[in-house]
Amino acid sequence: MFETRAVHAGRDDLAALGTHAVPIDLSTTYPLPDLPAAALALDAYAEGALPEGSPIYGRLTNPTVRRFEVALAELEGCADAVAFASGMAAVTACLLAAAARGRRHVVAVRPLYGTTDHLLTSGLLGTEVTWVEPDGVARALRPDTGLVMVETPANPTLAELDLADLAAQAGDVPLLVDNTFATPVLQQPARAGARMVLHSATKFLGGHGDVMGGVVACDAQSADVLRQIRFATGALLHPLAGYLLLRGLSTLPIRVAKASASAAILAERLATHPAVERVHYPSIGGALVAFEPAGDPMELVAALRLITPAVSLGGTDTLIQHPASLTHRVIDDAARDEGAIGPKLLRLSVGLEHEDDLWGDLSAALERSSGASASASATASAPAPASDSDSDSDSDSTLASASVSVSVVMLHQETSPAHV
Ligand SMILES: *Cc1c(COP(=O)(O)O)cnc(C)c1O
């Protein structure tokens with residue numbers, strides 16, 4: 001079962017080693033008494049392989065980081081995984097891998113994380129991007145298309161995409177899915193045909209706001225190319241970060257389940273609050289809620305006491321941010337319009353606090369920041385039950401009204417996300 005593998009993956013040899021906690025190997029170099037064997041091994045490393053024996057040098061591989069890679073690959077249902085210094089280093093390696101095959105053209109669907117959008121649009125890596133609607137992927141493919149890139153649920157609107165349809169449209173071109181928001185607990189894109197599954201491990205995988213990292217789960221051949229690029233460009237995950245990310249995986253299912261349950265409750269309460277105009281909550285669940293208050297979003301954030309105004313997400317404490325000012329400031333207005341990232345949109349990353357404390361903070365801030373809603377707390381403390389009959393009629397979850405999409409999620413919660 002998924003929860004069991006989350007605890008044991010990457011650790012299967014520990015008992016035989018006679019140790020319980022994962023050893024941290026901080027070596028930058030390793031003794032090489034057999035030079036001819038080391039020379040041959042180096043040839044293999046340069047090809048992106050992982051030969052048996054000495055790691056030789058810290059930029060080639062690291063035993064602690066390797067445990068995290070093996071574990072994440074297993075949880076995503078992929079043959080292998082390659083870890084990087086950050087989510088953006090992982091995105092960069094995927095774009096370089098495509099460019100190395102002479103394929104600099106990318107087809108992508110908005111919205112994407114702001115810096116990913118910026119990296120594609122700015123051409124900093126020589127990439128050329130065609131932005132399409134989800135049903136326009138196949139038509140946009142060219143002989144030099146190296147990747148189809150999507151996020152679902154997307155940052156920051158939580159718009160959802162049909163991965164099987166996108167994989168079919170992409171055909172032979174690798175579909176890269178940024179699975180940062182869903183995590184493998186809620187969604188394993190490789191099972192729907194994605195060839196590369198990317199995470200900002202900084203978020204849910206680490207889960208405590210104290211480690212940066214990125215990782216790509218993929219087939220064996222793609223992993224070889226990504227390792228070649230990592231070896232040549234050096235965007236390594238530090239062994240301590242590898243240790244913390246592996247430790248994070250062991251609590252990932254329980255953290256995501258708890259945060260998702262709280263987020264679904266908060267989404268439902270926000271949806272019935274008179275000072276809230278719109279709520280976006282994914283049909284697959286998750287710890288993120290996006291909403292648009294009737295009043296000034298800046299005032300609302302300033303009125304919060306428990307919830308921390310900060311970028312990033314997926315940690316133990318609840319964070320809120322204003323995408324148009326922060327995470328998606330780097331993209332231009334047209335891109336924000338295309339991604340439906342409105343000026344009032346707030347993105348809430350629900351942590352592990354009690355949901356009633358979070359609601360107390362949110363509802364008090366909603367009242368303080370919106371003079372117009374004097375009756376807010378009375379209505380909000382008794383949220384209307386979600387209507388099941390609405391759940392099937394909503395095929396466009398992107399901008400679905402909250403009561404509709406929340407009802408989908410409440411059904412999902414009963415089936416326990418950790419068993420997906
Ligand atoms: C944060 C984030 C990234 C970038 O990851 P870093 O670890 O900050 O480099 C990429 N994609 C998504 C969806 C993110 O939320």
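Residues numbered from 1 in each chain as written. Predicted model: local features only at pLDDT ≥ 70, side-chain atom pairs only at ≥ 80, totals over all residues. Heavy atoms only, no water.

(A) Summary view of the overall build of the chain. Along the chain, the regular secondary structure elements total 16 helices and twelve strands. A total of 420 residues make up the chain; the buried ones form 54% of that total. Intrachain contacts of the chain at a sequence separation of at least 6 include 70% that bridge at least 24 residues. With the model as given, the accessible surface of the chain reaches about 16,900 Å², and the carbon-plus-sulfur share is 57%. (Helix = DSSP H or I, 4+ residues; strand = E, 2+ residues; numbered from the N terminus. Buried < 20%, exposed > 50% of the residue type's maximum accessible area, 1.4 Å probe, protein only. Contact = heavy atoms within 4.5 Å. Areas by Shrake-Rupley, 256 points an atom, 1.4 Å probe, with all protein chains shown as cover.)

(B) Expanded view of helix H10 (residues 220-233). Under the 1.5 Å per step criterion, the end-to-end length of H10 is 20 Å for 14 residues, consistent within 8% with the ideal 20 Å. Ser-222, Ala-223, Leu-226, Arg-227, Ile-229 and Arg-230 are the residues of H10 that are buried. Down the axis of H10, the smallest arc covering the buried residues is 160 degrees, so these residues share one side. Opposite the buried face of H10, at more than 90 degrees from it, the exposed residues are Gln-221 and Ala-232. Buried residues along H10 sit against helix H4 (63-76), strand E1 (80-84), helix H5 (87-100), strand E6 (196-200) and strand E7 (214-218). Measuring from the backbone nitrogen of Gln-221 back to the side-chain oxygen at the start of H10 gives 3.2 Å, which picks out Asp-219 as the cap. The positive-phi residue at the C-terminal boundary of H10 is Gly-234, with phi of around 85 degrees. (Expected span 1.5 Å × (residues − 1). Arc of directions from axis to C-beta. Polar contact = N/O pair within 3.5 Å; in protein donor to acceptor, adjacent residues only side chain to side chain.)

(C) Layout of the site of the ligand. Around the ligand, 14 residues are found, and the nearest of them are Met-88, Asp-178, Ser-200, Thr-202 and Lys-203. In this structure, an oxygen atom belonging to the ligand sits 3.1 Å away from a side-chain N or O atom of Asn-155. Between Thr-202 and the ligand, the recorded distance is 2.7 Å, taken from a side-chain N or O atom to an oxygen atom. Protein chains bury 95% of the 380 Å² of accessible surface belonging to the ligand in isolation. Its residues assigned to classes, the shell around the ligand comprises four nonpolar, seven polar and three charged. (Near = heavy atom within 4 Å. Nonpolar A, V, L, I, M, F, W, Y, C, P; charged D, E, K, R; others polar.)

(D) Seen up close, the packing of H5 against helix H6 (residues 114-122). Contact geometry for H5 and H6: axes closest at 11 Å, N-to-C directions at 30 degrees. In terms of orientation, H5 and H6 fall into the roughly parallel class. Once H5 is placed against H6, the crossing between them reads as right-handed. Touching Met-88, Val-91, Thr-92 and Leu-95 of H5 are Thr-115, Thr-116, Leu-119 and Leu-120, all from H6. (Axes fitted to C-alpha atoms, helices over the stretch in contact; angles between N-to-C directions. Parallel < 35°, antiparallel > 145°, perpendicular 65-115°, else oblique. Left-handed = near helix turned anticlockwise from the far one by under 90°.)

(E) Main features of the sheet that holds strand E9 (residues 288-293). The five strands lie next to each other as E8-E9-E12-E11-E10, forming an open sheet whose pairing is mixed. Each having just a single partner strand, strand E8 (276-280) and strand E10 (308-309) make up the two edges of the open sheet. (Pairing = 2+ DSSP bridges.)

(F) Just the state of the cysteines, in detail. A complete count under the given rule lists zero disulfides for this structure. Unpaired in terms of disulfides, Cys-218 finds its nearest cysteine sulfur in Cys-78, a separation of 6.9 Å. When its relative accessible area of 2% is taken as the criterion, Cys-218 is described as buried. (Disulfide = S-S within 2.5 Å.)

(G) Geometry of the packing of H4 against helix H11 (residues 239-271). Axis separation between H4 and H11 bottoms out at 7 Å; the angle between their running directions is 35 degrees. Handedness of the H4/H11 crossing: left-handed. Between H4, through Thr-64, Val-65, Arg-67, Phe-68, Ala-71, Leu-72 and Leu-75, and H11, the contact on the second element is made entirely by Pro-239, Gly-242, Tyr-243, Leu-245, Leu-246 and Leu-249. Across the contact of H4 with H11, the residue classes tally to ten nonpolar, two polar and one charged.

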